[in-house]
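# Structural features, examined
If you want the building blocks of each chain, they are given just below.
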Amino acid sequence: MTKTIIFLTACTALTTTASQGQQPTFETTQVAEGVFQYRYQGHNSFFVVSDGGVIAFDPISTEAASHYADEIKRVAPGKPLLAVVYSHSHADHTTGAVVLQQAFGVTVPIIAQENARAEIERLADSDQPPPTVTFTNGLTLHLGGRPITLTYLGRNHSDNSLVAVVPDARVAFAVDFVSMDRVGYRDLASFHFPDLFQSLMELRNLDFETIVFGHGPNGTVASVDRQIQYYNDLRTAVEAAVRNGMSEDETANQVTLAEYAGWGGYGDWFKMNVRGMYRWTVGR
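Just so it is clear, the structure is predicted and the values come from calculations on it, not from any experiment.

### Structural notes on the packing of helix α5 (residues 195-204) against helix α6 (residues 221-243)
- Contact geometry of α5 with α6 gives a least axis separation of 10 Å together with a crossing angle of 160°. With respect to α6, the axis of α5 lies roughly antiparallel. Crossing of α5 over α6 shows left-handed handedness. Facing Leu196, Phe197, Leu200, Met201, Leu203 and Arg204 of α5, the residues of α6 in contact are Val221, Val224, Asp225, Gln227, Ile228, Tyr231, Asn232 and Arg235.
- Of the residues assigned to the contact of α5 with α6, the class counts are nine nonpolar, two polar and three charged.

### What about unusual backbone geometry?
- In the segment running from phenylalanine 193 into proline 194, the intervening peptide bond is cis, with an omega of 5°.
- By secondary structure assignment, the location of proline 194 is in the loop between β12 (171-174) and α5.
- The phi angle at glutamine 41 is positive, at roughly 50°, despite the residue not being glycine.
- For glutamine 41, the position within the fold is in the loop between β3 (35-40) and β4 (43-50).
- Non-glycine residue arginine 170 carries a positive phi angle of around 55°.
- Note that arginine 170 resides in the loop between β11 (162-166) and β12.

### Observations concerning the pattern of salt bridges
- If you walk through the whole model with that rule in mind, you get 14 salt bridges.
- In this structure, the salt-bridge partner of aspartate 181 is arginine 226, at a minimum N-O distance of 2.7 Å. Note that aspartate 181 is positioned in the loop between β12 and α5 and arginine 226 in helix α6, a separation of 45 residues in sequence.
- According to the relative accessible area criterion, arginine 226 is partly exposed, its value standing at 32%.
- The residue aspartate 225 makes a salt bridge to arginine 204 at a minimum N-O spacing of 2.5 Å. A residue pair is termed long-range when its members are at least 10 positions apart, and aspartate 225 in helix α6 and arginine 204 in helix α5 qualify at 21 residues.

### A look at the pairing of β11
- Counting buried residues along β11, five of its five residues qualify, which places the element largely inside the surrounding structure.
- Burial of β11 is two-sided: the residues Leu162, Ala164 and Val166 facing one way and the residues Val163 and Val165 facing the other way are all buried.
- Note: strand β10 (residues 146-152) against β11, four bridges, orientation antiparallel. Residue pairing in the sheet places threonine 151 in a bridge with valine 163 of β11.
- By the bridge criterion, three bridges tie β11 to β12 in an arrangement that is antiparallel. Among the inter-strand pairings, valine 165 is bridged to a residue of β12, identified as alanine 172.
- Taking the residues that link successive antiparallel strands as the turn, the β11-β12 hairpin has four residues, and the phi of arginine 170 there is positive, at about 55°.

### Points about the sheet that holds strand β5 (residues 53-57)
- Read across the open sheet, the seven strands follow the order β2-β3-β4-β5-β6-β7-β8; overall the sheet is mixed. Lying at the two open borders of the sheet, with one neighbouring strand each, are β2 (26-32) and β8 (133-135). Averaged over all pairs of adjacent strands, the angle between their axes in this sheet comes to 25°, without regard to strand direction.
- Bridge count between β5 and strand β6 (residues 81-85): four bridges; the pairing is parallel. Each residue of the ladder has a partner; that of alanine 56, found in β6, is valine 84.
- Together, β5, β6 and β7 (110-113) form the strand contacts of helix α3 (residues 97-104), whose direction differs from that of β6 by roughly 175°.

### Let's talk about the environment of proline 131
- Tracing the sequence through the fold places proline 131 in the loop between α4 (115-123) and β8.
- Note on proline 131: relative accessible area 3%, which makes it buried.
- Taking the C-alpha atoms as reference, proline 131 lies 21 Å from histidine 43; in sequence the two are 88 residues apart.

### Focus: the packing of aromatic side chains
- All chains considered together, the criterion is met by 20 aromatic pairs.
- Between the aromatic rings of phenylalanine 57 and phenylalanine 173, the centroid separation amounts to 5.7 Å while the plane-to-plane angle is 75°, which identifies the pairing as edge-to-face. With phenylalanine 57 in strand β5 and phenylalanine 173 in strand β12, the pair connects residues that are 116 residues apart, well separated along the chain. For the residue pair phenylalanine 57 and phenylalanine 173, the accessibility class agrees, reading buried in each case.
- By the ring-pair criterion, three or more aromatic residues cluster together here, those being Phe191, Phe193, Phe197, Tyr230, Tyr231, Tyr260, Trp263, Tyr266, Phe270 and Trp280.
- For the cation-ring pair, lysine 73 lies above phenylalanine 104, with the distance from its terminal atom to the ring centre recorded as 5.2 Å.

Parameters and conventions
- Residue positions are given per chain, counted from 1 along the sequence in the order it is written.
- Only residues with pLDDT of at least 70 are given local features in this predicted model, and only at 80 or more are side-chain atom pairs given and counted; all residues enter the totals for whole chains, interfaces and linings.
- Just so you know, side-chain values use all the structure's heavy atoms and leave hydrogens and water out.
- Interaxial angle, 0 to 180 degrees, is taken between N-to-C directions of lines fitted to C-alpha atoms, where a helix line uses only the stretch in contact.
- Each helix is a run of H or I in the DSSP string that is no shorter than four residues. Each strand is a run of E no shorter than two, and both are numbered from the N terminus.
- By the definition adopted for this analysis, an angle is roughly parallel if under 35 degrees, roughly antiparallel if over 145, roughly perpendicular if from 65 to 115, and oblique otherwise.
- Put simply, a crossing is left-handed when the front helix is turned counterclockwise from the back one by less than a right angle, and right-handed when it is turned clockwise.
- Any two residues having at least one pair of non-hydrogen atoms within 4.5 Å are treated as being in contact.
- In the scheme used here, Gly and all other residues not listed as nonpolar or charged are polar, with Ala, Val, Leu, Ile, Met, Phe, Trp, Tyr, Cys and Pro taken as nonpolar and Asp, Glu, Lys and Arg as charged.
- The term salt bridge refers to a side-chain nitrogen of Lys or Arg lying within 4 Å of a carboxyl oxygen of Asp or Glu.
- Working definition: with a 1.4 Å probe on protein chains only, accessible area under 20% of the residue-type maximum means buried, over 50% means exposed, and in between means partly exposed.
- Between any two strands, pairing holds if DSSP finds at least two bridges.
- Here a Phe, Tyr or Trp ring, Trp counted by its six-membered ring, pairs with any other such ring whose centre lies within 6.5 Å, and the pair is stacked when the planes are under 30 degrees apart, edge-to-face when over 60, and tilted otherwise.
- Working rule: Lys NZ or Arg CZ, within 6 Å of ring centre, within 35 degrees of ring normal, means a charge sits over the ring.

Interpretation in functional terms is not warranted from these geometric data alone.
Listed below in structure tokens is the structure:
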């Protein structure tokens, strides 16, 4: 069942904190009307503005959240903060909600998929407060009449990752289990297989044109298609190596998938991806 929350309440932007020629520490970019991406170093966040106020996703860290609050106020002056949404439970994306709330002088709902609560409570970090509102499969937020859908697609990078879609802008926000032409993180230790394959297919079928990822540049439906193809190719190559009796070391040395050599993280993480896929293949 999909729940609904209605919030009732009375430009492209860039902030630079680095020298000329260097990437700024943080920046805010308008993705669509009233839909913004906030980047702090290598992490992306996402916020939506309407006449009623602002819903902010992923405060990232306490330092990032301080700049995040300033950016929201600059882009949407006078707009109240109505809610904070966690994309998933991992601390590198969801620390700092308290800083956001203090900056706006309010206590607002913190929303997450229900599986996130136990993990965050276990960590017991005062800078990462547990969600106060959770859902199982889906939740629709109404921001001054503007809907934002939150959908749980099953286990992937975590067991509690949600995907946000702003239907009137056809913009989505998805974190860590998918990205723009980038291999998976290290040895895929936090990834859930085979669930990831199904989760990516379900993401592909959501209604969006532009997708903001938790890291790196934004993409499109075609970016998701390429990510699906990457994991399918990785799985096929590793399974073939296992059938041929190769060890993990042999597989890591011989599987290359050269067509993805230009992808982000390939040099550092691809062989680790192979090892992670190998361990899942032989252990399943």
